[in-house]
Amino acid sequence: MSQSDKYLIIAAFAPSHDPAAATAMAIANALSQNGSITCVIDDLSADMPHTSNLTVIRRSAFEHNLVDYQQHKRIYCLGNSFESLFVLELLHLYPGVVVTHDGSYHDLILSFFQSQKLWPENYTNWLTRTLGDNGRTISNALLQHRRLSKSLGSEVLDRTPMGLDKYRQIVLAKDSLFPYAARVTPSDSEHAEPSTVLCINMPAETIDAANSDLENLGKAIRLQSCHAGNPSLAEHIGKASIIVLGSAGVPSPALSYSLQLGKAIIVAGQAWSGLLPGECHLRIDNAYARHQLIAAIGAISLDPALKSSLENAAQKQWSQDTQNTKLDELIRLTEQQATLALATQVKKKKPTPSNKISHTKTAPVSDILLDEKASVPTALIGSVPATHLVQKILPGIDPHSSPRFATPALASALSIFDHGDIHSLLANLGFETPVINIEHDTERNTQKDIKHLYDWPDVRSGLRNSDHVVAFNAQITNVPAVQHMDTNLLLDRYGTEMTFSDSLSPFLKQKAVPLLDRVMGHLDGPGLFWELDKAKCCVKCIMIVGITGRYTLQNLSKVSSIAFIISNNDETSELGNNSITLKANEEGVLNFSVRAIDINTRATLDSMFLLKSLAEVHLKLGWSSHE
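What comes next concerns the included structure. (Residues numbered from 1 in each chain as written. Predicted model: local features only at pLDDT ≥ 70, side-chain atom pairs only at ≥ 80, totals over all residues. Heavy atoms only, no water.)

## Remarks on helix H18 (residues 607–615)
So, step 1. Burial within H18 is extensive, with 7 of its 9 residues counted as buried.
So, step 2. Within H18, burial applies to Ser607, Met608, Leu610, Leu611, Ser613, Leu614 and Ala615.
So, step 3. Those residues of H18 that are buried are in contact with helix H17 (501–508), strand S20 (528–533), strand S21 (538–544), strand S23 (562–568) and strand S26 (589–598). (Buried < 20%, exposed > 50% of the residue type's maximum accessible area, 1.4 Å probe, protein only. Helix = DSSP H or I, 4+ residues; strand = E, 2+ residues; numbered from the N terminus. Contact = heavy atoms within 4.5 Å.)

And the structure:
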């Protein structure tokens, strides 16, 4: 490996609690000593902690700039959680070396199946093929009683659905030391703080209870928590006097760093028993045995001979191990991968019919439509927003007798959200069922989801009560007497508030998120549709805002412990007690996805916590600027 080597490491990095976070960070730190590292994270991931030796980009930035990463060697780290689903998706698009572990991948495979249209039959068929009669029993429980076995994961070791056989793969064994830990110098431990006990992957409740007990006993010792994926893991271990290792279930660099630095080690459970001789550590029964933990910490702290013995045994164990030399094997595999094909450098998008044609000069909105005393029936065309927004923007129209018509561009933009008939969705949004053709030369029925496409002149001639015609984000220039929305009208008029509580209420009454039924709803006021993506633990939202441009989303509620990661138009923002900017697409439609994180741990919250968190927020959307 030369200093000019460039690597892409694609994974769910910290603060994610995905099991691959620790693996990916350790590999990144090891390779960064002699190369340039770019870490690729998901668009809905919380920001990765800053570290000077690593560059961080999001999935969308990678896929939109593939030419910049054509010569990078790609390493994928797969963990067993939904947060690794994007890693699996990118692996199939842009092959590279994939690092896995030898445990179960059931949770990731479950998310993979949930993301497909054939769910749940694809999942139950796999269970039956893999487990036989037991699989059929579990499948019946899911299909008939809406129950999923919580103890299933560790029993299913088949990983066929992930399709990894065609890629170069490294499988890490959980009963061996982590092979890619960067070398750290034992001299770092000279700066250890005698009263600090570092707990890695230990339950927060155990740490809090132990600290409370120690305080009551008048002891100065304090337990601190650290995740194995922390970018500064080796530094934290070096500064601690005692290391407590929770049951990781997968190979972890934490043990390698602890041995290198000659630390006194306490392990919880049997996870490390095959790697550590008895003289190398003390063991407690499990990660929740806090009284045993306090006793072990006390023994090491009060007996200098025991502490010294453990430290010496740790360094000896590391010096006898040769696993850390396997970094060269990983490097050799990356050198065999193909260069990113030029053909994959442009993401293919479905052709979207344009809303815009420019043959003649367009007409502005008539003054009478801005007169609050008027009540004029008006035909509305294009990306027409919700009724109360139309009334705020154009107070002179009669919203109840003003028909609205969708264009092919709007129908196409909405069809990616709805799995059924696009005409039914348009009807639910208050549109007339005919989708109109606003371009004179457009071929009919080019959109497979649009059953009928009508020429606007024919529709207009049948409207007896509509004195005016206003187009939202649709430049209709081949038809006379059409007025077009001016963005200047939005500055002081545009604004709507959103609350999800009523829409979410039916689902929050249940104990868990429905496994088979779609979880979705509609906010009548702003006209926003939402749906829970169970596979990726996020809520996808779509809203017709009317005009292409930027909008401000403000959180009016006081949120103390929850923040939302929002992905929109290839940009990611974090919404807490602040405002963020969202961008509507060319069709005047706002698409964004929402994921909830714990503000303290930065960990992603599950789907039920996400729904409960959304039910408590009060949001406001306003116009920001035209682009």
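## Examining the nonpolar core
So, step 1. With 68 residues, the main nonpolar core has Leu414, Leu528, Trp530, Leu553, Phe564, Ile566 and Leu614 as its most contacted residues.
So, step 2. Setting aside chain neighbours within four positions, we find Leu528 in contact with Met498, Phe500, Gly521, His522, Leu523, Cys541, Ile542, Met543 and Phe592.
So, step 3. The next biggest cluster of nonpolar side chains, apart from the first, holds 58 residues, and it includes Leu54, Leu172, Cys226 and Ile331. (Core = buried A, V, L, I, M, F, W, Y, C linked by side-chain atoms within 4.5 Å.)

## Considerations on the layout of surface pockets
So, step 1. By volume, the second largest pocket is sized at about 1,500 Å³.
So, step 2. Around the second largest pocket sit 41 residues that line it, and Phe82, Asp107, Leu110, Leu148 and Asp606 are the ones nearest its centre.
So, step 3. Where the lining of the second largest pocket is concerned, the elements lending two or more residues are helix H4 (106–114) and H18.
So, step 4. Broken down by element, the lining of the second largest pocket gets its largest block of residues, 5 residues, from H4.
So, step 5. Of the residues contributing to the lining of the second largest pocket, the split by class is 15 nonpolar, 16 polar and 10 charged. (1 Å grid on protein atoms, 1.4 Å probe; cavity = no way out; pocket = protein on both sides within 12 Å on 5 of 7 lines; lining within 4 Å. Points joined across faces, edges and corners; volume = space filled by probe spheres on them. Nonpolar A, V, L, I, M, F, W, Y, C, P; charged D, E, K, R; others polar.)

## What to know about the sheet that holds strand S3 (residues 54–58)
So, step 1. Spatial strand order, S3-S2-S1-S4-S5-S6: 6 strands in an open sheet with parallel pairing. The sheet is open, and its two edges are formed by S3 and strand S6 (169–172), each paired on a single side. Neighbour to neighbour, the strand axes of the sheet diverge by 25° on average, direction disregarded.
So, step 2. In the packing of helix H3 (residues 85–93) onto the sheet, the strands contacted are strand S1 (6–10), strand S2 (36–41), strand S4 (73–77) and strand S5 (97–101), and the crossing angle to S4 comes to about 145°. (Pairing = 2+ DSSP bridges. Axes fitted to C-alpha atoms, helices over the stretch in contact; angles between N-to-C directions.)

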